[in-house]
Amino acid sequence: MKILVCITHVPDTTSKIQFIDNNTQLDKNGVQFIIGPYDDYALARAVELKAESNGSITVLNVGEAETEPTLRKALAIGADEAVRINAFPKDAYFVAKQIANFSKDNGYDLILMGRESIDFNGGMVHGMVGELIGIPSISPVMKLEIEGSKGKLSREIEGGKEFIEVDLPFIAGCQEPIAEWKIPNMRGIMSARTKPLTVKEPVDVVAQTVVNSYELPPAKGAVKIVDNVDQLVDLLKNDAKIL
Amino acid sequence: MSILVYIEQDQGKIKSSSLEAVSYAAGLAEMQGAKVNVLGLGSIGSEAWDQVGLAGANAIFHLEDKRLDQGVILAHSDAIAQVFDRVGASTLVLAKSSLGDAVAARLAIKLDAGLVSNVVGLPDLTNGFVVKRSIFTGKAFAETAISADKKILAVKKNIYPIKTDGEVIKVEPLDLTIADENFVAKITGAEKAEGEILLPEADVVVSGGRGLKGPENWGMIEELADSLHAAKGCSKPVSDLGWRPHHEHVGQTGVKVAPTLYIAIAISGAIQHLAGVNASKYIVVINNDPDAPFFKAADYGIVGDAFDVVPKLTQAIKALK
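Residues numbered from 1 in each chain as written. Chains lettered and ligands numbered in written order. Predicted model: local features only at pLDDT ≥ 70, side-chain atom pairs only at ≥ 80, totals over all residues. Heavy atoms only, no water.

> Run through the overall build of chain A, naming residues and quoting values.
Regarding its fold elements, chain A presents 6 helices and 15 strands. Along the longest, intermediate and shortest principal axes, the C-alpha atoms of chain A span 65 × 45 × 40 Å. Scored against the burial criterion, the 243 residues of chain A give a buried share of 55%. For chain A, the computed accessible surface area is about 10600 Å², with 49% contributed by carbon and sulfur atoms. One way to put it: in chain A the 26 positive side-chain charges average out to a point 3 Å from where the 34 negative ones average out. (Helix = DSSP H or I, 4+ residues; strand = E, 2+ residues; numbered from the N terminus. Buried < 20%, exposed > 50% of the residue type's maximum accessible area, 1.4 Å probe, protein only. Areas by Shrake-Rupley, 256 points an atom, 1.4 Å probe, with all protein chains shown as cover. Lys, Arg positive; Asp, Glu negative; His and termini not counted. Charge placed at Lys NZ, Arg CZ, Asp CG, Glu CD.)

Right, dumping it as structure tokens:
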């Protein structure tokens, strides 16, 4: 089974988010970049499925050269080859068009990615890719088994989950508990250095959205600590006016 | 001009996030001089529609195809695309949800529309179409311009008041065919908590953390939640340990909530948990550790033992009613 895993290169979840250049750019100073946590779940499940089916994993990122260490980490976790589409990921539509263009020539049985990136949180790319290449897209997927040519999935819905059966090929936006995150071992790290990382040029796509400016939420006021529940109820009733 | 709003139902009732989307669309329609068309799919009880008119709909369309009772992503996308064209809409508005996100993405391609998700306010139309959205899991916002002619806005919960001063209007049944090819992904079953308030929809959320020591101690969380008509949530360790189901996990990699009131009990407040709750209007923290980081993100706090404080809080709230 040929699996394509698309990953994002995003600030670590503990990062302090700030902007520069008149609030038009993320301040990357001191920010550590990681594989998106949801993408990391997708990759972990792909590694397990590869072991079950004697398959292969291509890991893909649409990004500039700075994302290569993140792709190498994915190789260390267990992907066989990495591809970087050499472009700034302008918006979800731009990224989806790049992924669709890349995947259509390569006949993947399964395309996995995170349910959403943790920078822009759109959760849109998997659905867009599915529509662009004409295969089903399912998200957010919390369990994924492949039996022959069929996928058996559970998808989280509000208040529970639903069970889905769908033939390959399809695309899934993944989330926990689909698999445990995998930490690369020394052998993986060593072998990642020699696995292929190919750089491809993007196709021309006009993005449909553009960010004019960023802003931070207003600072939170100081917490009011009270001694007992009566004082708390009083605050909720008379200060917040929500009881 | 025409706007289409896609609404979802839960247990026969229109979800409040969908009613919010209708009112948001009515606000946008006022700016554009547009008409608000609403589309509901599958079985929806006749009495449920009144609220849709009151929330600001000018026309309501209903495709009562029982196959759409389930959230079949391809089929819902196909139905919405057909109705979007039929009413000559230029903008699609929907509530961000498990199904809403999944269909919006496919529709962006089907309709060749510019899509913005996590929208937190009405657009600025003075120079194009610029809308504010939440990014970095609530840690920032982005003013985002849509250049495409057609637009899709996936609206975040609790950012726009639900109108109740509209008019109850007649529902127009739709005659549409959804091709079988849209049912290739088969929903074979579901597990869903019956009669519970849905966590992403809730106006009040009561969450418990590992400090509660075990799943057997969730009774007091349930009682407090019941007294407030609240949904129940939990921290990631609690869901990882299997004390509570994953759909109750609030946080960076779980459900992001935006209630009016979030009560965190025996949760220390790791940054990944805070990312799931930072859109809450008021946060109450109950924790026996005065140095718990959650207090810094809270509006109100009690330093105390949850086993002592929570039952008293439930009593005090019951006494109010």
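> Hey, could you go over the side chain of S117 of chain B for me, with residue numbers and the actual values?
Along the chain, the position of S117 of chain B falls in strand β7 (residues 113–119). Discounting residues that sit within four places of it in the chain, S117 of chain B has contacts with G122 and M124 of chain A together with K96, D101, R133 and A154 of chain B. (Contact = heavy atoms within 4.5 Å.)

> I'd like a rundown of the pattern of salt bridges, residues and numbers included.
The final tally for this structure, using the stated rule, is 32 salt bridges over all chains. Measuring nitrogen to oxygen at the nearest pair gives 3.3 Å for the salt bridge that ties R45 of chain A to E145 of chain A. A residue pair is termed long-range when its members are at least 10 positions apart, and R45 of chain A in helix α1 (residues 37–53) and E145 of chain A in strand β9 (residues 137–147) qualify at 100 residues. Of the charged contacts in the structure, one is a salt bridge between E131 of chain A and K110 of chain B, with a shortest N-O distance of 3.3 Å. Of the two residues, E131 of chain A is situated in helix α4 (residues 125–133) and K110 of chain B in helix α4 (residues 98–110); the pairing between them involves two chains. Taking the relative accessible area as the measure of exposure, E131 of chain A reaches 18% and is therefore buried. By relative accessible area, K110 of chain B is classed as partly exposed at 32%. (Salt bridge = Lys/Arg side-chain N within 4 Å of Asp/Glu carboxyl O.)

> Before we move on, could you go through the nonpolar core and cite the residues and values that matter?
Of all hydrophobic cores here, the largest spans 97 residues; its most connected members are I99, L112 and L144 of chain A. It is α4 of chain B that provides the largest number of residues to this core, a total of 8 residues. Those residues within four positions of L144 of chain A in sequence are excluded, and the remaining contacts are R45, L49, L110, L112, K152, L153, F170 and I178 of chain A. Residues L232 of chain A together with L261, I286 and V310 of chain B belong to the second largest nonpolar core, which totals 34 residues. (Core = buried A, V, L, I, M, F, W, Y, C linked by side-chain atoms within 4.5 Å.)

> An account of the pairing of strand β9 (residues 140–146) of chain B is requested, with residue identities and associated values reported.
All names here are of chain B. Where burial is concerned, most of β9 is hidden: 6 out of the 7 residues are buried. Relative to β9, strand β8 (residues 130–135) runs antiparallel, the two sharing 6 bridges. Looking at β9, one finds that K132 is bridged to E143. In this antiparallel pair of consecutive strands, β8 and β9, the connection spans 4 residues, and F136 shows a positive phi of 45°. (Pairing = 2+ DSSP bridges.)

> Let's hear about the interface of chain B and chain A: which residues, and what values?
At the interface, 86 residues of chain B touch 77 residues of chain A. Here chain B meets chain A over a buried area of about 6700 Å², counting both sides, of which 59% is carbon and sulfur. Three residues stand out in chain B for area buried against chain A, namely R106, F136 and Y300 of chain B, and they jointly supply 11% of the buried area on that side. Measuring nitrogen to oxygen at the nearest pair gives 2.7 Å for the salt bridge that ties E176 of chain A to K236 of chain B. Counting the contacts that link chain B with chain A gives 43 residue pairs in polar contact (both at pLDDT 80 or more). Looking at the side of chain B that touches chain A, its residues break down into 45 nonpolar, 23 polar and 18 charged. In this structure, strand β15 (residues 224–226) of chain A lies alongside strand β17 (residues 300–303) of chain B, joined through 3 bridges in parallel fashion. Residue pairing in the sheet places K224 of chain A in a bridge with Y300 of chain B of β17 of chain B. (Buried area = accessible area lost by both parts, 1.4 Å probe. Polar contact = N/O pair within 3.5 Å; in protein donor to acceptor, adjacent residues only side chain to side chain. Nonpolar A, V, L, I, M, F, W, Y, C, P; charged D, E, K, R; others polar.)

> Let's hear about the sheet that holds strand β15 (residues 261–265) of chain B: which residues, and what values?
Here 6 strands make up an open sheet; going across it, the order is β15(A)-β17(B)-β16(B)-β15(B)-β13(B)-β14(B) and the pairing parallel. At either end of the open sheet lies a strand with only one pairing partner, and these are β15 of chain A together with β14 (231–234) of chain B. Strand-to-strand twist in this sheet, taken as the mean axis angle between neighbours without regard to direction, amounts to 20°. Two strands pair when backbone bridges link them, and strand β13 (residues 204–208) of chain B and β15 of chain B are joined in this way by 5 bridges, in the parallel orientation. Each bridged residue has a counterpart across the sheet, and for V205 of chain B the counterpart in β15 of chain B is Y262 of chain B. Strands β15 of chain A together with β15, β16 (282–287) and β17 of chain B of the sheet are contacted by helix α6 (residues 229–239) of chain A, whose axis makes an angle of about 175° with β17 of chain B. (Axes fitted to C-alpha atoms, helices over the stretch in contact; angles between N-to-C directions.)

> Residue-level account of helix α3 (residues 73–86) of chain B, with values.
Over its 14 residues, α3 of chain B runs 20 Å from end to end, which matches the ideal 20 Å to within 8%, given 1.5 Å per residue. Every buried residue belonging to α3 of chain B is among I73, L74, A75, H76, S77, D78, A79, I80, A81, V83 and F84 of chain B, and all of these are buried. (Expected span 1.5 Å × (residues − 1).)

> Go over the sheet that holds strand β11 (residues 160–167) of chain A, please, and point to the residues and values.
What the 10 strands build is an open sheet, ordered β13(A)-β7(A)-β6(A)-β1(A)-β8(A)-β12(A)-β9(A)-β10(A)-β11(A)-β12(B); its pairing is mixed. Two strands in the sheet have a free side with no partner beyond their single neighbour: β13 (197–200) of chain A together with β12 (186–192) of chain B. Averaged over all pairs of adjacent strands, the angle between their axes in this sheet comes to 30°, without regard to strand direction. Both strand β10 (residues 150–157) of chain A and β11 of chain A contribute to a ladder of 8 bridges, which runs antiparallel. When the sheet's bridge partners are listed, S154 of chain A is paired in β11 of chain A with F163 of chain A. Contacting β1 (2–6), β6 (56–63), β7 (81–86), β8 (110–114) and β13 of chain A, helix α3 (residues 92–104) of chain A crosses the sheet at an angle of about 145° to β6 of chain A.

> Would you mind going over the packing of aromatic side chains in detail, with residue names and values included?
Aromatic ring pairs are reported here in terms of the distance separating the ring centres and the angle at which the planes meet. Under the definition given, this model contains 9 aromatic pairs over all chains. Relative to Y160 of chain B, the ring of Y24 of chain B has its centre 5.7 Å away and its plane inclined at 75°; by these criteria the two rings are edge-to-face. Of this pair, Y24 of chain B sits in helix α1 (residues 16–32) while Y160 of chain B is found in the loop between β10 (150–155) and β11 (171–173), placing the two residues 136 residues apart along the sequence. Here a set of aromatic residues connected by ring pairs shows up, and it is made of F19, F120 and Y214 of chain A together with F136 of chain B. For K132 of chain B, the ring lying beneath its charged end belongs to F141 of chain B, and the centroid distance is 5.0 Å. Positioned above the aromatic ring of W181 of chain A, the side-chain terminus of K236 of chain B is 5.6 Å from the ring centre. (Phe/Tyr/Trp six-rings, centres within 6.5 Å; stacked < 30°, edge-to-face > 60°. Lys NZ or Arg CZ within 6 Å of the ring centre and 35° of its normal.)

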